[in-house]
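# A closer look at the structure
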Amino acid sequence: MTILVGEETKLVVQGITGREGQTHTLAMLKYGTNVVAGVTPGKSGEKVDRVPVYDSVRRAKSSHPEINASIIFVPAQFAADAVYEAIDSGIDLIVEITEHVPVHDSIKFINYARGRRVTIIGPNCPGLISPSESKVGIMPGHIFSKGQVGMVSRSGTLTYEIAWVLTKAGLGQSTAVGIGGDPIIGRDVLEIVDMFEKDPGTSSIVAIGEIGGDAEERLAQKVKRDGLKKPMVAFIAGREAPPGKRMGHAGAIISMGAGTAKSKIDALESAGVKVAVLPSEIPSLIRSSGK
Amino acid sequence: MTILVGEETKLVVQGITGREGQTHTLAMLKYGTNVVAGVTPGKSGEKVDRVPVYDSVRRAKSSHPEINASIIFVPAQFAADAVYEAIDSGIDLIVEITEHVPVHDSIKFINYARGRRVTIIGPNCPGLISPSESKVGIMPGHIFSKGQVGMVSRSGTLTYEIAWVLTKAGLGQSTAVGIGGDPIIGRDVLEIVDMFEKDPGTSSIVAIGEIGGDAEERLAQKVKRDGLKKPMVAFIAGREAPPGKRMGHAGAIISMGAGTAKSKIDALESAGVKVAVLPSEIPSLIRSSGK
Amino acid sequence: MKIHEYQARELFQSAGIPVPRGELCRTPEEVKKVATGIGKPVVIKSQILVAGRGKAGGIKPASDPSEAYEVSKNLLGATIKGIKVTSVLVVEAVKPQKELYLGFTVDRARRKIALIASGEGGIDLEELARSKPDKIFRREIDPVMGLHGFEARDAAVEIGLAGKTASDFVSICQKMYSIFERVDADLLESNPLAIGGETGSLVALDSRITVDDNAIFRHPEYQQVDEELTPLEREATAAGLAYVQLDGDIGIIGNGAGLVMATLDVVAHFGGRPANFLDMGGGSKADDVYKAVKICLEQENLKSVFLNVLGGITKCDEVANGLVRALKESSNKVPFVVRMVGTNEEEGRRILAESGIAYLDSMEEAAEATVRISKQ
Amino acid sequence: MKIHEYQARELFQSAGIPVPRGELCRTPEEVKKVATGIGKPVVIKSQILVAGRGKAGGIKPASDPSEAYEVSKNLLGATIKGIKVTSVLVVEAVKPQKELYLGFTVDRARRKIALIASGEGGIDLEELARSKPDKIFRREIDPVMGLHGFEARDAAVEIGLAGKTASDFVSICQKMYSIFERVDADLLESNPLAIGGETGSLVALDSRITVDDNAIFRHPEYQQVDEELTPLEREATAAGLAYVQLDGDIGIIGNGAGLVMATLDVVAHFGGRPANFLDMGGGSKADDVYKAVKICLEQENLKSVFLNVLGGITKCDEVANGLVRALKESSNKVPFVVRMVGTNEEEGRRILAESGIAYLDSMEEAAEATVRISKQ
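Residues numbered from 1 in each chain as written. Chains lettered and ligands numbered in written order. Predicted model: local features only at pLDDT ≥ 70, side-chain atom pairs only at ≥ 80, totals over all residues. Heavy atoms only, no water.

With that out of the way, let us pick up the nonpolar core. Side chains that are nonpolar tend, in soluble globular proteins, to be buried together. Within the largest apolar cluster, 148 residues are counted, with the highest numbers of intra-cluster contacts made by C:Phe169, C:Ile209, D:Phe169 and D:Ile209. Ignoring any residue separated from it by four or fewer positions in sequence, one finds C:Ile209 in contact with C:Met1, C:Lys2, C:Ile3, C:Ala8, C:Leu11, C:Phe12, C:Ile179, C:Val183, C:Ala185, C:Leu187 and C:Leu188. With 99 residues, the next largest nonpolar core counts A:Ala207, D:Leu246, D:Leu259 and D:Met261 among its residues. (Core = buried A, V, L, I, M, F, W, Y, C linked by side-chain atoms within 4.5 Å. Buried < 20%, exposed > 50% of the residue type's maximum accessible area, 1.4 Å probe, protein only. Contact = heavy atoms within 4.5 Å.)

What follows is the structure, given as structure tokens:
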């Protein structure tokens, strides 16, 4: 089993004829993802590889009622509109890859989606992959391998780094979820950990955090309060980050003294979660904490 | 049994210290309604009869967590804010008496309420009464009597007129709902008829309509499609109304040829619903259609 | 509250929606000047707030400035459908390649905003709805979220637009929606929205906006007297009464819109012809009743008047006092039939009895009596 | 993107939020004139975008125009916290009866807007949060619906306001929220919001706004260079790179923010001191890599550089080509350690090998090697 994406995922790509949209549609098809349709207004009738392009999500959905997920590659200033279009067309899972989406836009569409029980991943995220089943994102698929480790991360390449370490150590992944590096994101680490806890295909969890915000501290609080059914190993990037500086991600900033790596590591450790100092330690920490 | 209001209703009055608020609070208390609190910003500590006044619905609710309904008497320009306050404070039934609420305000708060499964009655309505249990409105209570006729109406005084006819004929009412005379209202005649159909305390229904809109036509369509479990008698006001003229209520206007009394009466009759020409015919129509 | 075409046009223009060149004029001289400035054939449109002004001769073409002068000389000061023309809008005559329809309105049944569009504009929407309902695209807009770009794009695609016309349409759609919201409109439309002459871009040839009466306090600039009202209706409106003048001979006064409508119906059922609809509203005091009775009596040729009160918030003694005072002062000795029940009924009846005014219990009996009297 | 106090003040003022009288000045002469116009003691505030400018001497009182002249002569042109003062805001000195705090910010955890208010303003909010957390009122605002009047009223009541002060507060709250929304702020506050001197009405003595970087395209008027950046950081930002200068001696370049942060941590773990954070971003082409390497090498006293690439969208051959070109051109012969795996790995390694550049597989081994070299 996997979470959020899997063999059952039938994908529409919004912004399919753009440069990024095309590149990653081809990569997803190659990986085996079920990409059934694409949308770019004014480009209906075209094709990207074998995928038909429609003028609107509504039209794509009426020709392919099986669509249940969308991945969005449109530019930041149109991203919110694309999300609303997906939500109003009845799509349950929306993966917003787009970077630089204004916070006031994302905070609105995330609240709108919540009210309608729609899952949004992102914005500014690499997407999700359930190895050998479905890749709904921009990650290099070959780094991942099928298995039982659930991964959740605020960072793209760091996820690949750690997935690579896991894969080399023979620890495959159930699903890896890149939740995104923005301050406001659709699903946060707590919610994804919760899904992994409930997923029978996941036997352990790797949570990759970074400086900024208090999601990791809240995760620690939750673990302290409710416990964990599955072993979890955390990794927190940014121990060397100075305060007040944005470290690449919009959300990665220590502001007013809050959101330091130390605060997160201390909180997680005091909740009994093992925190790796080096990526290479993660496989053994998982194995040693296995039930 | 009754619908929407009954012995279990615990009411907060928003705008309790205004002229209308005070008058009707006293009248509701006299009728036996469980008015547990009132709200007027800046007037906390005051009392209206035995009812304590609070600065906000939140404060009223924290002192009286049993509150489950609100009636609103604030002026039109503040009405929307009062509705949001009630919704966000977790109140399930909101009766908006206020007249002249801008349509753009009411259409927004009605949609907001829908998303949260909150029931709004009104605006511009006389409220509801479940005779001898609870009166949440401005109607003269003595005209109504306990019984099994469910009443729903777009008009205030016409409801009293017909309730009086019913009472004199020995036909008491389960609940009478004044849904309001505005073009945009929280619950419409279809939804209230549906509630009466499900209410074991209601054995027949009187639906009082008027010109404007197509609610009665849609009711007729629904009856035609789904049938009715209980006998229903309708009365439509405005057979003599000229087109294009607003007949008192904001919603009572025949515009672009639509919304005539004839159209409504024809639709209802063709769905098998008896339509009374005179109020005095209603009791015998109910009795003759009784099971 | 209908607003004038020139006002709607100004709103369109300041939002960046293309409209034909033109200006509001109050004299034939101004018209000539504006037509000269435009330098092309023009259309002269009477600024009156009635439906069907075109068919009634209120809109005229003119091929040059001197013809414009002559045409406007006839229009300005003329009376069309009972309304005096005091200003005209002079605009460039645009010959459209194709006419579209685009409008927003409040959807009562669904409690949403309806976007309505058609690739076949220029004719009456009702007519189009009857003749080619499949040519009308309708989409519900969530009033909380407002119009999304994709919804406007859907509309463009569904009415057959593409390329630059489609993207112009989307932009106009969004601008129209934002006006719709900002001025608390309950109707806003452009019919036709034309795919214009030489350039092929979109132009709103006509603009129509109705502002919600209840929201007029937020837009005092559009507060105006409804030109379609009769003098008596204007007077009643100014006095805060809901009054509609009819062509019968029985005056009708009551409390509550539904009850008064039903009273009209019952009177008509017994063969009478109502002369008016007059709702005093809920909770009327003696003064309000007094005013209502006075206004009702101003109408000529009344044969009888039916005052129908079911006292709830309204108290019967207040009604009786107001009525007695008004009748005392009035020289119009039309017979009154009063039906009065409810709150403070006894006191009210006592007051009536003292003044020798008869009253009844039943609305239907009273209506019948009123009709009978009117025919004597 | 922090905006200047005078810009925030203008936004407050044009929204109708009371602010003390005053003006922006660029010369001591202007300051004197403005202070004369105010005719009361003033406060002179350096317009620089750094935190703690008050403690650093950037805010000074002056009791009369000539003192204002002297004070501003010292401030204008001075360097405070590394930033040159080119303008000052001269405002009337208001002696508050009481100081409040009112602010709006984005609540990351709850994905809502947070309204934060306190009856004890004037001091740093963090400090207040530590010392008297129960004095801070916090309410989540639904970003879709915006701030409702009742929410502002609740805040007023909860921080102990009543009467006219409470209703002024509600009105200021609503105006501040509408600015917050309109300019895409991620922080907007007034601290202190004062209950003012003689009249007792509310005045925003300070106004601070940060606009969301991602939304700056909607507000080009606030686009400005971050004054707190070092020259190298400015250059890197202009080149579209995410670059932060640090005080170590090992240059760090990588692709992806999280990976670069982790690279810094691993280098530090092995005893090294990173000289910078440099994220080339995803999918970098040879040109981007070239630029990144060049900027990294501009920093003085580098002992070694670690280029860490995990190729996903980024292709190893592009990275290798960019690196080779940059190193060829550069006179700075700092040793490079390259770790490069992923997409087009073989081709990339071939290119590196041809130029005699060593590479490693493991990030940790490479980090250790870099640190070792930096200490030689």
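On to the packing of aromatic side chains, then. For any pair of aromatic rings, the description consists of the separation of the ring centres together with the inter-plane angle of the planes. Residues and elements named next belong to chain A. Throughout the structure, instances matching the rule amount to twelve aromatic pairs over all chains. Between Phe144 and Tyr160, the ring centres sit 6.5 Å apart and the planes meet at 75°, which makes this aromatic pair edge-to-face. Taken as a pair, Phe144 in the loop between β9 (134-137) and β10 (146-153) and Tyr160 in helix α5 (residues 157-168) lie far apart in primary sequence, 16 residues in all. Take Phe144: its relative accessible area is 7%, and that puts it in the buried class. (Phe/Tyr/Trp six-rings, centres within 6.5 Å; stacked < 30°, edge-to-face > 60°. Helix = DSSP H or I, 4+ residues; strand = E, 2+ residues; numbered from the N terminus.)

Residue and element names in this part refer to chain A. Assigned domains within chain A: domain 1 (11-121) and domain 2 (139-288). Between domain 1 and domain 2 lies a buried interface of about 810 Å² when both sides are counted; carbon and sulfur atoms form 64% of it. Connecting domain 1 to domain 2 are zero salt bridges. There are one residue pair in polar contact (both at pLDDT 80 or more) connecting domain 1 and domain 2. Counting only elements with at least two residues in the side of domain 1 that touches domain 2, the list comes to α4 (103-115) and β7 (119-121). A per-element tally of the side of domain 1 that touches domain 2 places α4 first, with four residues. Across the side of domain 1 that touches domain 2, the residue classes tally to eight nonpolar, two polar and no charged. (Domains from an automatic or database assignment. Buried area = accessible area lost by both parts, 1.4 Å probe. Salt bridge = Lys/Arg side-chain N within 4 Å of Asp/Glu carboxyl O. Polar contact = N/O pair within 3.5 Å; in protein donor to acceptor, adjacent residues only side chain to side chain. Nonpolar A, V, L, I, M, F, W, Y, C, P; charged D, E, K, R; others polar.)

Attention now moves to the interface of chain C and chain B. With 52 residues of chain C in contact, the opposing surface of chain B contributes 59 residues. Summing both partners gives a buried area of about 4,300 Å² for chain C against chain B, and 61% of it is carried by carbon and sulfur. A salt bridge links B:Lys108 to C:Glu181; the nearest nitrogen and oxygen atoms lie 3.0 Å apart. Counting the contacts that link chain C with chain B gives 21 residue pairs in polar contact (both at pLDDT 80 or more). Those elements that place two or more of their residues in the side of chain C that touches chain B are β7 (98-107), β8 (112-118), α6 (163-182), β13 (242-245), α8 (257-269), β16 (304-311), β17 (336-342) and α12 (363-374) of chain C. It is α8(C) that provides the largest number of residues to the side of chain C that touches chain B, a total of ten residues. Of the residues belonging to the side of chain C that touches chain B, the class tally is 26 nonpolar, nine polar and 17 charged.

A separate point is the pairing of β16(C). All names here are of chain C. For β16, a buried count of eight out of eight residues is recorded, marking the element as mostly surrounded by other parts of the structure. Where strand β14 (residues 250-254) and β16 come together, five bridges link them in parallel fashion. Across the sheet, residue Ile250 finds its bridge partner in β16, namely Ser304. In the sheet, β16 pairs with β17 via seven bridges, with the strands oriented parallel. Looking at β17, one finds that Val305 is bridged to Phe336. (Pairing = 2+ DSSP bridges.)

Attention shifts here to the sheet that holds strand β10 (residues 146-153) of chain B. Residues and elements named next belong to chain B. Across the sheet, seven strands lie side by side as β9-β8-β11-β10-β12-β13-β14; this open sheet has mixed pairing. Both edges of this open sheet fall to β9 (134-137) and β14 (274-276), since each of them pairs with a single strand only. Taking each pair of neighbouring strands and ignoring which way they run, the sheet shows an average axis angle of 20°. As paired elements, strand β12 (residues 204-210) and strand β13 (residues 232-237) share six bridges and run parallel to each other. In the strand pairing of β13, Gly209 is matched with Ile236. (Axes fitted to C-alpha atoms, helices over the stretch in contact; angles between N-to-C directions.)

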